[in-house]
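# Coordinate inspection notes
The lines below spell out each chain.
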Amino acid sequence: MCGVAAGQNAAGAAAHDYTAARQPELLKQFEEFVAIPDVAADPAGLRRNAEFLLGQLEQRGVQAELLTAPGLPGATPPVVYGELKTPGATRTIVFYAHYDGQPVTASEWTNGAPFTPEVKVVDGEQRVYGRATGDDKAAIFAQLTALSALQAAKVGLKANIRFVWEGEEEAGSAHLEKILDAHKELIGGDVWLVCDGPVDQTRRQALIFGARGDAHVQITVYGPDRGLHSGHYGNWAPNPAMMMAQLLAGMKDVQGRVTIPHFYDGIKPLGPVEVAALKAAPRNDEMLKQEFGIGATMGGGRALLELINEPSLEVAGIAAGQTGAHATNTIVATAVANLDLRLVVGIDATVQQQRVLAYIRSQGYFVTSAEPRREELLSHAKVARVEMPAGENASRTPMDLPIAAEIIRTIESVRGKTVLLPTSGGTVPLEAMERASGAPTVSVPIANHDDNQHAANENLRLKNLWDGVETMAALMAMP
C-alpha cells in the first residue's frame, strides 16, 4: 500500500526510489551518526553531534549555523539551524527534531555498547539497535536524506525550509526558548513540524496536534537518623519505607484515578473536531495488552487514547533499603520516590505540583524543601522533603486550521489513511516553540512504537526509516 501511496506524490516517489537504490550506503551513514555519543553527561559528544550535523547541512547547500544565547552555561548544547530559501515562496515550514538521547547504562544493553549500532532481524524485519535510533536521530537523518533525494531528482521546493535541531530535549529543553528568543528572525514560520515520537501501534502514520506537559515531584520521608535493627526496634521506630508506601497508596484508587483533591480541575475539554478524531482512531488496547503481557488495565476499562487526554500521576522511581541477596533486617533511615505528573491543556505545572504538596501536608507531614535540620526531625512526627523542579505545560493546536488540512492531505498522499490525534502521551517543548516563533506546531512521528524509547536496547525498524524519508520529502515539497 505504501508503494501505491508514494506513487501519488512526486516528492515521496523520488525519495522512495532514492532510498531503494542506496539502502546499504544510507544504513552505514545512519550508523555513523548513531555512534556519536549524545547524552547530557557527555557535553563533548553533544558538541560533536552538532558539528557533524552542521557539516551535513552545508554539504547539501543549506545555510547553516549553531545557535546559542548570551548568559548560558558554556556546556549548553547549541541548536543546529539551517535554512533553504525558495525564490517566490510565500510560506516557511520549520522542521524540528532533537539530536540528544536519554542517559545510558551500558550493562543493561544486550551488546553492552549503546553507541555501537547493531543490525538484527526481528520477526523477519531489520532493526538497528543503539541509543537515539528511534528517539530522535531517525527524524534528523530522514530529513537530511529526504533533502538529498529531492535534490538528486531535481524536485523543486515551493516553500522556504528551516531546520531547528535541539541538543537538550531529553534533559528538559531548559535553554531552548532562550535560544529561540535570541534568534526570532531565524525561527519564524507558518508551521513547525515536530518530528519526534512513534507512529500508531498499528504502524499507520500518525499526525498529532498536541502533547501532554510534564512535571515532577520528588519526596523524601525520614525515620531514624541511621538504619536500625528491625528485630530490636520493629513496631517502635517509624519505618520510612512503609510510610512512603502508605503515602503513595493514598494518592490513587484501585482503578488508577488520582484521589488528590482538585487534581482534575481546570481541564480544557476537547472540541468536536478532536472528539471525532479520537472516535475514528484505532483502538489498540487489546493488542497492547498481549504485547506488554498485562492482564488488566487501569482506568475502569476506558481506552488508552481517552486516558491520554487526562492528567496522570505515576511513580517514576522509588528507593528504600535493599532487596534480594543484598537485603538486611533493617529499618531504613529514608525512603525516596519520584512522581511523574503528566499534564493536559488547562492545568498549569506549578499548580499541579502544589496540589500534590497540599496532599502531603494533609497527611500530617511537616514539609521542607531542603534537607531537614535535626530540630525539625525531633519536633515533628512525620517529616518530608519535597523538591519540585520547573515543569512544562501541555499544548494543543486546533485540528481545523487551514494549514493542518494541507498537512493531512500531503501525509496521506504518501502514507495512506493517517491516524489523527489531539494529544501525544509524551512531552515535547511545544509551548516554548510556539511562544518564540508565533507558529502552530504539528507532530509528525516516524519511529516504531516498540522501539524501546528511553530504555535499554532502543531500536528502529528500518522500514520506518525509509518510510520517514518519503514522509519528510513530501512535506518539504508541500505547496
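None of the values given here were measured: they were computed from a predicted structure.

## Quick word on the side chain of Asn338
With respect to the secondary-structure elements, Asn338 resides in strand β14 (residues 334–343). Contacts of Asn338, omitting those with residues within four sequence positions, involve His216, Val217, Gln218, Glu314, Val315, Ala316 and Gly317.

## A word on the packing of helix α5 (residues 133–152) against helix α17 (residues 462–476)
To characterise two packed helices, one gives the angle between the axes of the helices and the distance between these axes. Relative to each other, α5 and α17 sit at 60 degrees, their axes nearing to 8 Å. Taken together, α5 and α17 sit at an angle that is classed as oblique. Between α5 and α17 lies a crossing of right-handed hand. Where α5 approaches α17, its residues Ala138, Phe141, Ala142, Gln143, Thr145, Ala146, Leu147 and Leu150 are matched on the opposing element by Leu465, Gly468, Val469, Met472, Ala473 and Met476.

## A few points about the nonpolar core
Of all hydrophobic cores here, the largest spans 64 residues; its most connected members are Phe95, Trp165, Leu193 and Ile407. Here the element with the most residues in this core is α5; it accounts for 10 residues. Each residue touching Ile407, except ones within four places of it in the same chain, is listed here: Val191, Leu193, Leu207, Val442, Leu475 and Met478. The next biggest cluster of nonpolar side chains, apart from the first, holds 30 residues, and it includes Ala215, Ala337, Ala349 and Tyr359.

## Side note on the pattern of salt bridges
Note that side chains of opposite charge can pair when their charged atoms are close. Evaluation of the coordinates by the stated rule reveals 27 salt bridges. The salt bridge involving Arg461 is made with Glu125; its shortest N-O contact spans 3.8 Å. In this pair, Arg461 sits in strand β20 (residues 459–461) while Glu125 sits in strand β5 (residues 125–129), placing the two residues 336 residues apart along the sequence. Assessed through its relative accessible area of 10%, Arg461 is described here as buried.

## Description of the layout of surface pockets
Think of a ball as big as a water molecule: rolled over the atoms, this probe shows where empty space is left. Here the second largest pocket defines a volume of roughly 380 Å³. Around the second largest pocket, the lining is made up of 16 residues, and of these Gly223, Pro224, Asp225, Leu377 and Leu378 lie nearest the centre. Among the elements that line the lining of the second largest pocket, the one with the most residues is helix α14 (residues 374–379), at 3 residues. Taken together, the residues of the lining of the second largest pocket break down into 10 nonpolar, 2 polar and 4 charged.

## A few points about helix α2 (residues 10–20)
Listing the buried residues of α2 in full gives Ala11, Gly12, Ala14, Ala15, Tyr18 and Thr19. Seen end-on, α2 carries its buried residues on one side only, within an arc spanning 160 degrees. For α2, the exposed residues lying more than 90 degrees away from the buried face are Ala10, Asp17 and Ala20. Structurally, the start of α2 carries an N-cap: the backbone nitrogen of Ala11 is 3.0 Å from a side-chain oxygen of Asn9.

Criteria and thresholds
Residues numbered from 1 in each chain as written. Predicted model: local features only at pLDDT ≥ 70, side-chain atom pairs only at ≥ 80, totals over all residues. Heavy atoms only, no water. Helix = DSSP H or I, 4+ residues; strand = E, 2+ residues; numbered from the N terminus. Contact = heavy atoms within 4.5 Å. Axes fitted to C-alpha atoms, helices over the stretch in contact; angles between N-to-C directions. Parallel < 35°, antiparallel > 145°, perpendicular 65-115°, else oblique. Left-handed = near helix turned anticlockwise from the far one by under 90°. Core = buried A, V, L, I, M, F, W, Y, C linked by side-chain atoms within 4.5 Å. Buried < 20%, exposed > 50% of the residue type's maximum accessible area, 1.4 Å probe, protein only. Salt bridge = Lys/Arg side-chain N within 4 Å of Asp/Glu carboxyl O. 1 Å grid on protein atoms, 1.4 Å probe; cavity = no way out; pocket = protein on both sides within 12 Å on 5 of 7 lines; lining within 4 Å. Points joined across faces, edges and corners; volume = space filled by probe spheres on them. Nonpolar A, V, L, I, M, F, W, Y, C, P; charged D, E, K, R; others polar. Arc of directions from axis to C-beta. Polar contact = N/O pair within 3.5 Å; in protein donor to acceptor, adjacent residues only side chain to side chain.

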